[in-house]
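# A look at the structure
Okay, here's what each chain looks like letter by letter:
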Amino acid sequence: ANRAGTGHVASRQNDFGGVIGGPIKKDRTFFFGSFEGLRLRQPTFVITDVPSMALRQQAPAFLHPFLNAYPTPTGPDEIDVKTGKPNGFAPASAGVSSPSTLNAASLKIDHMVNSKVQLFGRYNYAPSNADARASAIATALNAVTRFDSWLQTMTVGAVTILNSTMTNDLRANYSRSEGERHFFTDSFAGGSSIPDSLWFPSGFTSADAGVTFGINTGVHAAIAQGALANVLNQQYNIVDTFTAVKGAHQLKFGLDYRHYNTAGLNNSFQASTSYADTGFLNNVPGTILSGLGSATISISRPGDMLYNSWSVYAQDTWKLRPRLTLTYGLRWEVNPPPGAGNGLQPFAVDQISNAATMALAPAGTPLYHTQYRNFAPRVGLAYQASK
């Protein structure tokens, strides 16, 4: 940055928040809330290759909007080491900032029904986003990769004292996590935005489709626009624990059920266009960009996978001596193969031990066989060496 004379981009970190709690109804109902916010501005200095002004003028007319979307060069045209002539690129450099915004809020309510029953409910919400210029895919200075995520969890529970030696703790939870990544270009460093009508075929927009454009992508800068991925995860969870004290034994019995749904809300249209950089502009109009292009286009349907998991356990904490405690127990789990919520079953293969005979299994074949022998014993010994 000093050598380029651009100066430094400021670095900022602001972390703030607070908590509040108190009674809603005296000795019966209480609340507790919290919030935390984090704002980051992380600077970096980026040097990329962009189409030179000479290349932009000599390229075919249909490519002008895409080449002019790149930032303007900040240095002289590059020279091909083999021919000694311009290769169609020039450096573009600038200091950039990657802003991030993270939030987390929660609220909990506790209520005493009576001396034997206590209820609670808790809700958490954490929306966050981050922008990254010149990232791994969209590497041009004016190409921004936006990450958005939303996390929500809701838990309710009841603790019941059955008698002086037995209690039961029941909890239910719903968790939802969603994240997406999309691209856009702006006017930073002399670049420009391209309307969706030039990027996408009829019926598609940047809201549900994504494209990338580059020249020898991976070496020179690339631009991108539209949505890349959207993933939604949801979990339903029920946990129950029963505790009983009998003499020197503290017995625990529990069950855990989880239903998990993960949906890859992939965009229905994805395209990637790349022109090969062979370094032979040689002042011949359009040669570097004529007949050397390649494109990949994919159309997909969203995936929706469903998982279920059951487990139960029993455990005993046995105080053998005043200083010696033995803990032992057994857990059993069942995890069936996943299903598909939208009817698109995942593909399974047969004969995986031999690549020569490996083939797709018939449609509807489960990914794996359910195992009913997942037993997990545990044992522990604790000794108090001194009082």
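Residues numbered from 1 in each chain as written. Predicted model: local features only at pLDDT ≥ 70, side-chain atom pairs only at ≥ 80, totals over all residues. Heavy atoms only, no water.

Taken together, the side chains of Leu 170, Ile 238, Leu 255, Val 312, Leu 330, Trp 332, Tyr 372 and Phe 375 define a hydrophobic patch exposed on the protein surface, amounting to about 730 Å² of accessible area. Its location among the elements puts Leu 170 in strand E6 (residues 166-185). (Patch = residues over 30% accessible without salt bridge, like charges linked within 9 Å, V, L, I, M, F, W, Y side chains within 5 Å. Areas by Shrake-Rupley, 256 points an atom, 1.4 Å probe, with all protein chains shown as cover. Salt bridge = Lys/Arg side-chain N within 4 Å of Asp/Glu carboxyl O. Helix = DSSP H or I, 4+ residues; strand = E, 2+ residues; numbered from the N terminus.)

The next subject is the pairing of strand E2 (residues 29-51). With 13 bridges joining them, strand E1 (residues 12-25) and E2 adopt antiparallel strand pairing. Across the sheet, Ile 20 pairs through a bridge with Gly 33, a residue of E2. Pairing of E2 with strand E3 (residues 89-112) involves 23 bridges; the strand directions are antiparallel. Pairing of Arg 39 across the sheet is with Thr 101, part of E3. (Pairing = 2+ DSSP bridges.)

Let's shift gears to the packing of aromatic side chains. Per the stated rule, a full pass over the model turns up seven aromatic pairs. Between Phe 66 and Phe 213, the ring centres sit 5.4 Å apart and the planes meet at 25°, which makes this aromatic pair stacked. In this pair, Phe 66 is assigned in helix H2 (residues 64-67) and Phe 213 in strand E7 (residues 209-215), connecting sequence segments 147 residues apart. For Phe 66, a relative accessible area of 12% corresponds to the buried category. On the numbers, 6.0 Å between centres and 50° between planes, the contact of Tyr 260 with Tyr 307 is tilted. Pair noted here: Tyr 260 is in strand E9 (residues 249-264) and Tyr 307 is in strand E12 (residues 303-321), with a separation of 47 residues, a long-range link. Given a relative accessible area of 31%, Tyr 260 falls into the partly exposed group. For Tyr 307, a relative accessible area of 31% gives the class partly exposed. Feature note: the residues Phe 66, Trp 199 and Phe 213 constitute an aromatic cluster, connected by ring pairs. When the ring centre of Phe 120 is taken as reference, the NZ or CZ atom of Lys 108 above it lies at 5.3 Å. (Phe/Tyr/Trp six-rings, centres within 6.5 Å; stacked < 30°, edge-to-face > 60°. Buried < 20%, exposed > 50% of the residue type's maximum accessible area, 1.4 Å probe, protein only. Lys NZ or Arg CZ within 6 Å of the ring centre and 35° of its normal.)

Glancing now at the nonpolar core. Soluble globular proteins tend to bury their nonpolar side chains together. Among the nonpolar cores identified, the biggest contains 29 residues, and Tyr 70, Trp 199, Phe 213 and Ile 223 are the most heavily contacted of them. Residue assignment for this core shows that the elements contributing at least two residues are E2, H2, E3, E7 and strand E8 (222-246). (Core = buried A, V, L, I, M, F, W, Y, C linked by side-chain atoms within 4.5 Å.)

Let's shift gears to unusual backbone geometry. A positive phi angle, close to 60°, is found at Asp 27, a residue other than glycine. Within the element layout of this structure, Asp 27 appears in the loop between E1 and E2. Taking the relative accessible area as the measure of exposure, Asp 27 reaches 56% and is therefore exposed. One non-glycine residue, Ala 189, adopts positive backbone phi at about 60°. With respect to the helices and strands, the residue Ala 189 is situated in the loop between E6 and helix H3 (196-199). You can call Ala 189 partly exposed: its relative accessible area is 27%.

Before going further, it helps to examine the pattern of salt bridges. Under the defined criterion, the tally for this structure stands at seven salt bridges. Of the charged contacts, one joins Asp 131 and Arg 146 as a salt bridge, the two residues approaching to 2.1 Å between their closest N and O atoms. Taken together, the positions of Asp 131 in strand E4 (residues 117-133) and Arg 146 in strand E5 (residues 143-161) put the pair 15 residues apart, joining distant regions of the chain. For Arg 146, a relative accessible area of 23% corresponds to the partly exposed category. Among the salt bridges present, the one from Asp 256 reaches Arg 258, with a minimum N-O distance of 3.2 Å.

All right, on to the side chain of Asn 173 then. Inspection of the secondary structure puts Asn 173 in strand E6. Exposure remark for Asn 173: the relative accessible area of 16% places this residue in the buried category. Polar side-chain contacts of Asn 173 include one of 2.8 Å to the side chain of Thr 155. Sequence-distant contacts of Asn 173, defined by excluding residues within four places in its chain, comprise Thr 153, Met 154, Thr 155, Gln 235, Tyr 236 and Asn 237. (Polar contact = N/O pair within 3.5 Å; in protein donor to acceptor, adjacent residues only side chain to side chain. Contact = heavy atoms within 4.5 Å.)

With that settled, consider the environment of Leu 40. Structurally, Leu 40 is set in strand E2. By relative accessible area, Leu 40 is classed as buried at 15%. Along the backbone, Leu 40 and Leu 102 are 62 residues apart, and their C-alpha atoms lie at a distance of 8.5 Å. If sequence neighbours within four positions are ignored, Leu 40 has contacts with Arg 12, Gln 13, Ser 98, Pro 99 and Ser 100.

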